[in-house]
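Observations on chain architecture
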Amino acid sequence: MTTNSDQPADFSTFVDPHAEREAEKYENPIPSRELILELIQQAGKPLRRQQIAQQFGLESADAQEALRRRLRAMERDGQLSFNSRQKYCIGSGNNTIAGRILGHPDGFGFLKPDDGSEDLFLSPREMKPLMPNDRVIARVSGVDRRGRREAAVIEITERNTHQIVGRFFSEGRVAYVVPDNKKINHEVLIAKEDVGSAKNGQIVVAEILQQPSAHCQPIGRIAEVLGLHMAPGMEIEMAIRSYDLPNQWPEAC
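Structure report, in brief. (Residues numbered from 1 in each chain as written. Predicted model: local features only at pLDDT ≥ 70, side-chain atom pairs only at ≥ 80, totals over all residues. Heavy atoms only, no water.)

All right, on to the overall build of the chain then. Helices and strands together make up the secondary structure of the chain, namely six helices and 12 strands. With 253 residues in all, the chain has 36% of them scored as buried. Contacts in the chain between residues at least 24 apart in sequence constitute 52% of all its contacts with a sequence separation of at least 6. Total accessible area computed for the chain in this model is approximately 15500 Å², and 47% of it derives from carbon and sulfur atoms. (Helix = DSSP H or I, 4+ residues; strand = E, 2+ residues; numbered from the N terminus. Buried < 20%, exposed > 50% of the residue type's maximum accessible area, 1.4 Å probe, protein only. Contact = heavy atoms within 4.5 Å. Areas by Shrake-Rupley, 256 points an atom, 1.4 Å probe, with all protein chains shown as cover.)

Given below as structure tokens:
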């Protein structure tokens, strides 16, 4: 089952294609394993048991207990994993990979696993809600034409980009910051009330107020104006700010 809508399908009214099989096995059948997997896949993120029950319209205590048992069975069989946030993810916990995001100027990226194994390729689509240095849990989704393992992000566990240094632009009703770090492929949108004293073309520091998602660019505010693009010493200042180099030194230095 697929949908072109950004809104999740109404699973409470959806006819389970495996309902007949389930009815043969159980006196009070609940959604099949296949339908549960479809729900979590379409949600695009891990779900709590209560959320799954709500989506399927399971209200009685018996139905919710049956769902709990089914989810535990799917977990034992490796179809689902139960993460530290008490949510269900697709795939066995043994097959998930935790790591850090590496960006690329061309829009794609890589997942650098914590276990030291080979990096996994992330398509531009997978990178849309991500920033370099974010931490995620992912699963291997396939192999690309070059033989590289591809990853699909299951959950973003940690955000590590909170400020961006770049050039400020204001065009009509739209204001945004283009990052100096080419590995960041998001322009940061700035609301008019958050522009402050920034002028078109200046180098600024933008504080991230809302991280990117699959459908939205990051949103921020101007936290500091560094100066003109071609001002003496600006390239050094931008490098220090962009790559978290030390910019304050003890008096002895």
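The next point concerns the packing of helix α3 (residues 49–56) against helix α4 (residues 61–76). Remark: α3 packs on α4, axes separated minimally by 11 Å, with the N-to-C direction vectors making an angle of 120°. If you check the angle between α3 and α4, you find them oblique. In this structure, the crossing between α3 and α4 has a hand that is right-handed. Note on element contacts: α4 touches α3 through Gln64, Leu67, Arg68 and Leu71, opposite Arg49, Ile52 and Ala53. Considered class by class, the residues forming the contact of α3 with α4 number four nonpolar, one polar and two charged. (Axes fitted to C-alpha atoms, helices over the stretch in contact; angles between N-to-C directions. Parallel < 35°, antiparallel > 145°, perpendicular 65-115°, else oblique. Left-handed = near helix turned anticlockwise from the far one by under 90°. Nonpolar A, V, L, I, M, F, W, Y, C, P; charged D, E, K, R; others polar.)

Because each turn of an α-helix spans 3.6 residues, side chains separated by three or four positions end up pointing in the same direction. Looking at α3, one finds that the buried residues are Ile52, Ala53 and Phe56. Looking straight down α3, one finds its buried side chains confined to an arc of 100°; they lie on one side. Set apart from the buried face of α3 by more than 90 degrees, the exposed residues are Gln50 and Gln54. Along its buried surface, α3 packs onto α2 (33–43), α4 and β2 (88–90). Positive phi shows up at Gly57, right after α3, with a value of about 70°. (Arc of directions from axis to C-beta.)

Where charged atoms from two side chains of opposite charge come close, those side chains can pair. A full pass over the atoms with the stated rule returns five salt bridges. Notably, a salt bridge pairs Asp114 with Arg135, separated by 2.3 Å at the nearest N-O pair. With Asp114 in the loop between β4 (109–113) and β5 (120–122) and Arg135 in strand β6 (residues 135–143), this residue pair connects regions lying 21 residues apart in the sequence. We classify Asp114 as partly exposed; its relative accessible area is 47%. Residue Arg135 is classed as partly exposed on the basis of its relative accessible area of 24%. (Salt bridge = Lys/Arg side-chain N within 4 Å of Asp/Glu carboxyl O.)

Another point: the pairing of strand β3 (residues 96–103). Both β3 and β6 contribute to a ladder of five bridges, which runs antiparallel. The residue of β6 that forms the bridge with Ile97 is Ala138. Sheet analysis places β3 next to β4, joined by five bridges and oriented antiparallel. Considered in β4, the bridge of Gly99 is made with Pro113. Where β3 folds back onto β4 in an antiparallel hairpin, the turn is made up of five residues, including Gly107, whose phi is positive at roughly 105°. (Pairing = 2+ DSSP bridges.)

Quick look at a nonpolar patch on the surface now. On the surface, Leu189, Leu209 and Ile219 cluster together to form a nonpolar patch covering roughly 230 Å² of accessible area. Here Ile219 lies in strand β12 (residues 219–227). (Patch = residues over 30% accessible without salt bridge, like charges linked within 9 Å, V, L, I, M, F, W, Y side chains within 5 Å.)

Here Thr161 lies in the loop between β7 (149–158) and β8 (163–171). Among the polar contacts listed, one links the side chain of Thr161 to the backbone oxygen of Pro132, at a separation of 3.0 Å. In contact with Thr161, other than residues within four places in its own chain, are Met131, Pro132, Asp134, Ile208 and Gln211. (Polar contact = N/O pair within 3.5 Å; in protein donor to acceptor, adjacent residues only side chain to side chain.)

Inspection of the entire model under this criterion finds four aromatic pairs. Pairing Phe108 with Phe110 gives two aromatic rings, centres 5.8 Å apart and planes at 90°, and the pair type is edge-to-face. Here Phe108 falls in the buried class, since its relative accessible area comes to 19%. Here the aromatic rings of Phe108 and Phe121 are separated by 5.4 Å at their centres, their planes lie at 40°, and the arrangement is tilted. Remark: Phe121 occurs in strand β5 and Phe108 occurs in the loop between β3 and β4; sequence separation between them is 13 residues. For the residue pair Phe108 and Phe121, the accessibility class agrees, reading buried in each case. The structure contains a cluster of three or more aromatic residues connected by ring pairs, namely Phe108, Phe110 and Phe121. (Phe/Tyr/Trp six-rings, centres within 6.5 Å; stacked < 30°, edge-to-face > 60°.)

Below, the discussion takes up the nonpolar core. Judged by nonpolar contacts, the single largest core of 16 residues is most densely connected at Ile36, Ile40, Ile52, Phe56, Leu67, Leu71 and Leu80. For this core, the secondary-structure elements that each account for two or more residues are α2, α3 and α4. Within the second largest apolar cluster, 14 residues are counted, among which are Val188, Val195, Ala198 and Ile208. (Core = buried A, V, L, I, M, F, W, Y, C linked by side-chain atoms within 4.5 Å.)

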